[in-house]
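Structural characterization, general
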Amino acid sequence: MDTITHNEIKIIIEESLNNSMSYNEYRLLMAELVKSQSTTGLDKSVDMVAYTVLNEQRMKRWDKTIKVSAEAQEKIASFKRDVTWLVLTESWCGDAAHVNPVINKVAELSPNIDLKFVLRDENDALMQQFLTNGGKSIPKLIMFDRTSGEVLGTFGPRPAAATQLVKDYLAEHGMITEEFKEILQGWYNKDKGQSTISDLLNILELS
């Protein structure tokens, strides 16, 4: 892929922002999809619809149960730079279901973080600029300065600890299996969003 200029990336981000939604709007979209037995993305298969139904339940649970420590809350409240967090996501993505509610909890704690969501398959130009090891892995959070448009950092598709878990399993087994998906699910349930919070503090340079 050809290298593009800083200004071209700014334009792509601005265009994606025009298609963006708030977290509440994204959650309403998820609920509507479940009701209509549909899913976001290009693949509308029965499996993808089933993942969306499952992820709506996961997100509902995380929205209620994620806790941010007093120490982390203090750090987030001290963040002064005006930034936007633009998150590429899809309703069928399991990692997104575990990570997006945590991103929202952190963003809610700072008036200086404007959180927006866009769908990956509808914003391919943006996704192409923020690939992970050449892949369109999501969720992918892009943090940029609201005034200058300068990209300041990224996060995703998983917290670093979960990424290491995936790498180790791939090194041993050569592929991601259904068994591993259950292992990863168990890891997210046990971690309760704390690794994601820690990584988000890192991109805010608050760790």
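For the structure, see preceding data.
In what follows, the accompanying structure is described. (Residues numbered from 1 in each chain as written. Predicted model: local features only at pLDDT ≥ 70, side-chain atom pairs only at ≥ 80, totals over all residues. Heavy atoms only, no water.)

Attention now moves to unusual backbone geometry. In this structure, P139 follows I138 across a cis peptide bond, with omega equal to 5°. By the element assignment, P139 lies in the loop between α6 (124–129) and β3 (140–145). Phi is positive for Q37, close to 55°, though the residue is something other than glycine. With respect to the helices, strands and loops of the structure, Q37 is situated in the loop between α2 (23–35) and α3 (46–65). Among the residues examined, Q37 registers a relative accessible area of 53% and is labelled exposed. (Helix = DSSP H or I, 4+ residues; strand = E, 2+ residues; numbered from the N terminus. Buried < 20%, exposed > 50% of the residue type's maximum accessible area, 1.4 Å probe, protein only.)

With respect to burial, β3 is a largely interior element, 6 of its 6 residues being buried. Side chains K140, I142 and F144 project from β3 onto one buried face, and the interleaved L141, M143 and D145 project onto a second face that is buried too. Pairing analysis gives 6 bridges linking strand β1 (residues 83–89) to β3, with the strands arranged antiparallel. What sits directly across from T84, in β3, is F144. Of the strand pairs in this sheet, β3 and strand β4 (residues 151–155) are connected by 4 bridges, and their pairing is antiparallel. (Pairing = 2+ DSSP bridges.)

Time to look at the packing of aromatic side chains. Each aromatic ring pair is described using two quantities: the centre-to-centre distance and the angle formed by the ring planes. This model, assessed by the stated rule, comprises 4 aromatic pairs. Here W187 and Y188 contribute two aromatic rings whose centre-to-centre distance is 5.3 Å and whose plane-to-plane angle is 75°, an arrangement assigned as edge-to-face. Across the pair, exposure class does not vary: W187 and Y188 are buried alike. Pairwise contacts between aromatic rings join Y23, Y26 and F117 into one cluster. Here R61 stacks its cationic end above the ring of W62, 5.0 Å away from the centre of that ring. (Phe/Tyr/Trp six-rings, centres within 6.5 Å; stacked < 30°, edge-to-face > 60°. Lys NZ or Arg CZ within 6 Å of the ring centre and 35° of its normal.)

Geometric descriptors of this kind do not, in isolation, establish any biological role.
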